[in-house]
Amino acid sequence: MIVESKESYDNQIKIQKLKDTIFAVNEQLGKAKKNGGIASSISAKSIPKSLHCLAMRLVEERIAHPENYTEQEPSPAIEDPSLYHYALFSDNVIAVSVVVRSVVMNAEEPWKHVFHVVTDRMNLAAMKVWFRMRPVEGGAHVEIKAVEDFPFLNSSYVPVLKQLESSNPKYMSMLNHLRFYLPELYPKLHKVLFLDDDVVVQKDLTGLWKIDLDGRVNGAVETCFGSFHRYSHYLNFSHPLIRENFNSKACAWAFGMNIFDLDAWRREKCTDTYHHWQNLNENHSLWKLGTLPPGLITFYSKTKSLDKSWHVLGLGYNPGISLDEIRNAAVIHYNGNMKPWLDIAMNQYKHLWTKYIDGDMEFVQMCNFGL
């Protein structure tokens, strides 16, 4: 009996030790995941040396040879509504060049494509020098402006600029919120395709302009499945204003490749809707941060669902996307922290982006983009 009791006691000690070990490992795993997430976030928000080098080289070129970079008369194509117009808002020169290059290289009639690039004042010179040194092939047109070139974008009109004056600017960016001003930025245009700077275009996109949006403003790919990516995931439904105006089970959609009908936008006064809710959310009680929540509100019941092959997401965080799905996609999107220009990019997807880098450009070679 004593021997049996001792064995039972020893087993209880072993079980307890095993439980303690499992608990300790779980604690370490939790800390490691948290630290990994923080490190990934820091990496995503920092500027890699290669990007900094490229911007500096381009500005140095502008200073050394000012005669090569005098302002030119804008092409009439910039305001021609019969052409295919793209809006691209970014401070990342190499990312913008990849988006433009990928569109043009896959376009059946590249000379009919017009790119409206808006950047910040700090990166304006670098962006202009890049496209003067490396003109877009196929006769496509590029317009480059700074946010400051649009006088109506001031804090008395734009809620985000007003909020930036009284809060930490790292949480909001005027470049990110420019997407809510497309009809005012381009008053003579009827349709615009909005692209994020972390996408790659793999097919001719002109079919998007032919899609009937049924009078709606926004054409986008929906992201919900089961209970995931519903409005409840992005908006605070414990707040009565949200609860009374929106359906928590409504399907969310993706920003990053959106065909906008600017005439319908003007008719529906969508920018006024955006301003109304952005002002109500000054204390972040309706949603936390970002542009998708106010986008879901602004274009609620005004969005047409597009076929999923137009826009495949997740290449910046999901290692398990089907290769067939990627191969068949018109646009692939590196949303997430693992951007393709960062060292933390996922290797299985990176080559789909790097193949559109202009490797013959001398500053790309000098700045070690790892091609």
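The rules we used
- Residues numbered from 1 in each chain as written.
- Predicted model: local features only at pLDDT ≥ 70, side-chain atom pairs only at ≥ 80, totals over all residues.
- Heavy atoms only, no water.
- UniProt positions renumbered as here; feature names shortened; annotations may be inferred.
- Buried < 20%, exposed > 50% of the residue type's maximum accessible area, 1.4 Å probe, protein only.
- Helix = DSSP H or I, 4+ residues; strand = E, 2+ residues; numbered from the N terminus.
- Pairing = 2+ DSSP bridges.
- Right-handed = clockwise from strand over helix to strand, strands pointing away.
- Axes fitted to C-alpha atoms, helices over the stretch in contact; angles between N-to-C directions.
- Parallel < 35°, antiparallel > 145°, perpendicular 65-115°, else oblique.
- Contact = heavy atoms within 4.5 Å.
- Nonpolar A, V, L, I, M, F, W, Y, C, P; charged D, E, K, R; others polar.
- Left-handed = near helix turned anticlockwise from the far one by under 90°.
- Polar contact = N/O pair within 3.5 Å; in protein donor to acceptor, adjacent residues only side chain to side chain.
- Expected span 1.5 Å × (residues − 1).
- Arc of directions from axis to C-beta.
- Salt bridge = Lys/Arg side-chain N within 4 Å of Asp/Glu carboxyl O.
- 1 Å grid on protein atoms, 1.4 Å probe; cavity = no way out; pocket = protein on both sides within 12 Å on 5 of 7 lines; lining within 4 Å.
- Points joined across faces, edges and corners; volume = space filled by probe spheres on them.

As recorded in an unreviewed UniProt entry, the protein goes by Hexosyltransferase and comes from Linum tenue. In its Pathway (unreviewed entry) section, UniProt records this for the protein: "Glycan metabolism; pectin biosynthesis."

*Asks:* Before we go on, may I ask you to explain the pairing of strand 1 (residues 84-89) in this structure?
*Replies:* Two faces, one strand: in a regular strand the side chains alternate between the faces of the sheet. The buried fraction of strand 1 amounts to six of the six residues, a majority that puts the element mostly inside the structure. Pairing geometry for strand 1 and strand 2 (residues 113-119), over six bridges, is parallel. When the bridges of strand 2 are listed, His85 appears paired with Val114. Handedness of the crossover is the feature at issue here: the chain leaves strand 1, passes through helix 3 (residues 93-106), returns alongside strand 2, and the resulting connection is right-handed.

*Asks:* Looking at this structure, I do not really get the packing of helix 5 (residues 159-166) against helix 12 (residues 270-280). What am I missing?
*Replies:* Angle between the axes and distance between the axes are the two parameters that describe a pair of packed helices. Here helix 5 crosses helix 12 at 25 degrees, and the two axes come no closer than 9 Å. Classified by the angle between their axes, helix 5 and helix 12 sit roughly parallel to one another. Contacts between helix 5 and helix 12 pair Pro159, Val160 and Gln163 from the former with Tyr274, His275, Gln278 and Asn279 from the latter. Residue composition of the contact of helix 5 with helix 12, grouped by class: three nonpolar, four polar and no charged.

*Asks:* Please clarify how the packing of helix 3 against helix 4 (residues 121-133) should be interpreted in this entry.
*Replies:* Viewed as axis vectors pointing N to C, helix 3 and helix 4 meet at an angle of 40 degrees, and their least axial separation amounts to 10 Å. By the criterion of interaxial angle, the relationship of helix 3 to helix 4 is oblique. When the axes of helix 3 and helix 4 are compared, the crossing they make is right-handed. Contacts between helix 3 and helix 4 involve Val93, Ile94, Val96, Ser97 and Val100 on the former and, on the latter, Ala126, Met127, Trp130 and Phe131. When its residues are assigned to classes, the contact of helix 3 with helix 4 shows eight nonpolar, one polar and no charged.

*Asks:* Looking at this model, I keep getting lost on the side chain of Thr298. Mind explaining?
*Replies:* Of note, Thr298 is situated in helix 13 (residues 292-298). For Thr298, the side chain forms a polar contact with the main-chain oxygen of Pro294, separated by 2.7 Å. The residues contacting Thr298, other than those within four sequence positions of it, are Phe180, Cys270, Thr273 and Tyr274.

*Asks:* What am I meant to see in helix 2 (residues 49-64) here?
*Replies:* Its 16 residues place the ends of helix 2 22 Å apart at the C-alpha level, agreeing with the 22 Å of an ideal helix rising 1.5 Å per residue. Regarding helix 2, the residues found buried are Ser50, Leu51, Leu54, Ala55, Leu58 and Glu61. Down the axis, helix 2 shows its buried residues gathered within 135 degrees of arc, on one side only. Of the residues in helix 2, the exposed ones pointing more than 90 degrees away from the buried face are Lys49, Ile63 and Ala64.

*Asks:* Is there a simple way to think about the pattern of salt bridges in this case?
*Replies:* It is possible for side chains bearing opposite charge to pair when their charged atoms get close. What the rule picks out here adds up to nine salt bridges. Between Arg179 and Asp196 there is a salt bridge, with its nearest N and O atoms 3.5 Å apart. Note that Arg179 is positioned in the loop between helix 6 (174-177) and helix 7 (182-185) and Asp196 in the loop between strand 4 (191-195) and strand 5 (199-201), a separation of 17 residues in sequence. Per residue, the accessibility class of Arg179 equals that of Asp196, and both read buried.

*Asks:* Looking at this structure, how should I read the layout of surface pockets?
*Replies:* Taking a probe equal in size to a water molecule and rolling it over the atoms shows the remaining empty space. One number sums up the size of the second largest pocket: a volume of about 550 Å³. Going through the elements one at a time, helix 4 and strand 3 (141-146) are the ones with two or more residues in the lining of the second largest pocket. Per element, the largest residue contribution to the lining of the second largest pocket is five residues, and it comes from strand 3. Its residues assigned to classes, the lining of the second largest pocket comprises eight nonpolar, three polar and six charged.

*Asks:* Even after reading the chapter, I still don't get the sheet that holds strand 7 (residues 257-261), so can you show me in this structure?
*Replies:* What holds strands together in a sheet is hydrogen bonding between their backbones, with the strands either parallel or antiparallel. The strand order across the open sheet built from seven strands is 3-2-1-4-7-6-8, with neighbouring strands paired in mixed fashion. Each of the sheet's edge strands pairs with one partner strand only, and the pair in question is strand 3 and strand 8 (303-305). Neighbour-to-neighbour, the strand axes of this sheet turn through a mean angle of 25 degrees, independent of strand direction. Alignment of strand 2 against strand 3, held across six bridges, turns out to be parallel. Each residue of the ladder has a partner; that of Val117, found in strand 3, is Ile144. Sheet strands in contact with helix 3 are strand 1, strand 2 and strand 4, and its direction is about 170 degrees off that of strand 2. Of the strands in this sheet, strand 2 and strand 3 are in contact with helix 4, which crosses strand 3 at around 160 degrees.

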